[in-house]
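For reference, the chains in residue letters:
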Amino acid sequence: MGKFLKKQCVEHPYRFVIGFFVIFIGWFVLLERADLPVVWHIHCGLDRYIPFVKYAVIPYSLWFLWMTQSMFHEVLRESGENRWRMLAPLFSGLLLILLFCTLVPNGISLRPQEIPGSDLCARAVRFIESADNPTSVCPSMHVFSTIFLDFGVQRAKGYRHHLVKPLARILDVLICCSTMLLKQHSIIDVLCAVALAVTMDLTAEYLISRHAVRVTVKT
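A quick note: this is a predicted structure, and the numbers were derived from the prediction, not measured.

Describe the overall build of the protein, with residues and values.
Secondary structure assignment for the protein yields eight helices and two strands. Sorting the 219 residues of the protein into buried and exposed places 42% on the buried side. The long-range fraction of contacts in the protein, counting pairs at least 24 apart against all pairs at least 6 apart in sequence, stands at 84%. Counting every atom, the protein has about 12700 Å² of accessible surface; 68% of that belongs to carbon and sulfur.

Next comes the structure, spelled out in structure tokens:
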């Protein structure tokens, strides 16, 4: 199965990415509609010290553009092996998050009761809260994907301008912070997402180095 998926990613990247998102979105929608009883109400004493900042919706929303741009970069510009190195652990981690949220339904109750104001940011926050239930929050998919894509960007060699990587790092930090400033996630969700991203990246690196050693021994 692993060899088949790798072949699809290397030789048919669009088919691989589209196929994944069909499965991912379908699972996520079913999980949202199932409305499973929350068994883990996530909270942390540090959350109360993090203020609600409606303007954080700007970097929070930029995640959707950043995710799309990063996906196209990996699919269009990277070689087959590098593409597999990036997308396989990223997609595996997202599926692990869905599996965990299915087996351990979790949620938060950090959101403010009302979002005052009629400005664009206030309206955007109200829209996000109406469309996104405060469940299936740990680990944060927003943060996990951001951190993992940042690893890929920092390793990439295809960027022509030297400012791309530091600017990307700043944006990624702002995106992660925005999830807490909007009260979409607890600091626990964020830390778990960071831990998962690091684990998936190190695991991928270990498997690649192990495979390289085997190939060297055989030759």
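From this point on, the discussion continues.
Can you lay out the nonpolar core for me, pointing to particular residues and giving the numbers?
Membership of the largest hydrophobic core comes to 36 residues, with the highest contact counts inside it found for Leu90, Phe91, Leu94 and Phe144. If you list the elements that add at least two residues to this core, you get helix H2 (13-34), helix H3 (57-76), helix H4 (80-103), helix H6 (141-155), helix H7 (164-181) and helix H8 (187-218). Counting residues per element, this core draws most heavily on H4, at eight residues. Ignoring any residue separated from it by four or fewer positions in sequence, one finds Leu94 in contact with Phe20, Phe24, Met141 and Phe144.

So what about H6? Which residues, and what values?
Count 3.6 residues to each turn of an α-helix, and residues three or four apart come out pointing the same way. Taking 1.5 Å of rise per residue, the 15 residues of H6 would be expected to cover 21 Å, and the 21 Å separating its terminal C-alpha atoms lies within 8% of that figure. Taking burial as the measure, the 15 residues of H6 include twelve buried ones, the bulk of the element. Taken as a whole, H6 has its buried residues at Met141, His142, Val143, Phe144, Ser145, Thr146, Ile147, Phe148, Leu149, Asp150, Gly152 and Val153. With a side-chain oxygen positioned 3.4 Å from the backbone nitrogen of His142, the residue opening H6 is Ser140.

Quick notes on the rules
Residues numbered from 1 in each chain as written. Predicted model: local features only at pLDDT ≥ 70, side-chain atom pairs only at ≥ 80, totals over all residues. Heavy atoms only, no water. Helix = DSSP H or I, 4+ residues; strand = E, 2+ residues; numbered from the N terminus. Buried < 20%, exposed > 50% of the residue type's maximum accessible area, 1.4 Å probe, protein only. Contact = heavy atoms within 4.5 Å. Areas by Shrake-Rupley, 256 points an atom, 1.4 Å probe, with all protein chains shown as cover. Core = buried A, V, L, I, M, F, W, Y, C linked by side-chain atoms within 4.5 Å. Expected span 1.5 Å × (residues − 1). Polar contact = N/O pair within 3.5 Å; in protein donor to acceptor, adjacent residues only side chain to side chain.

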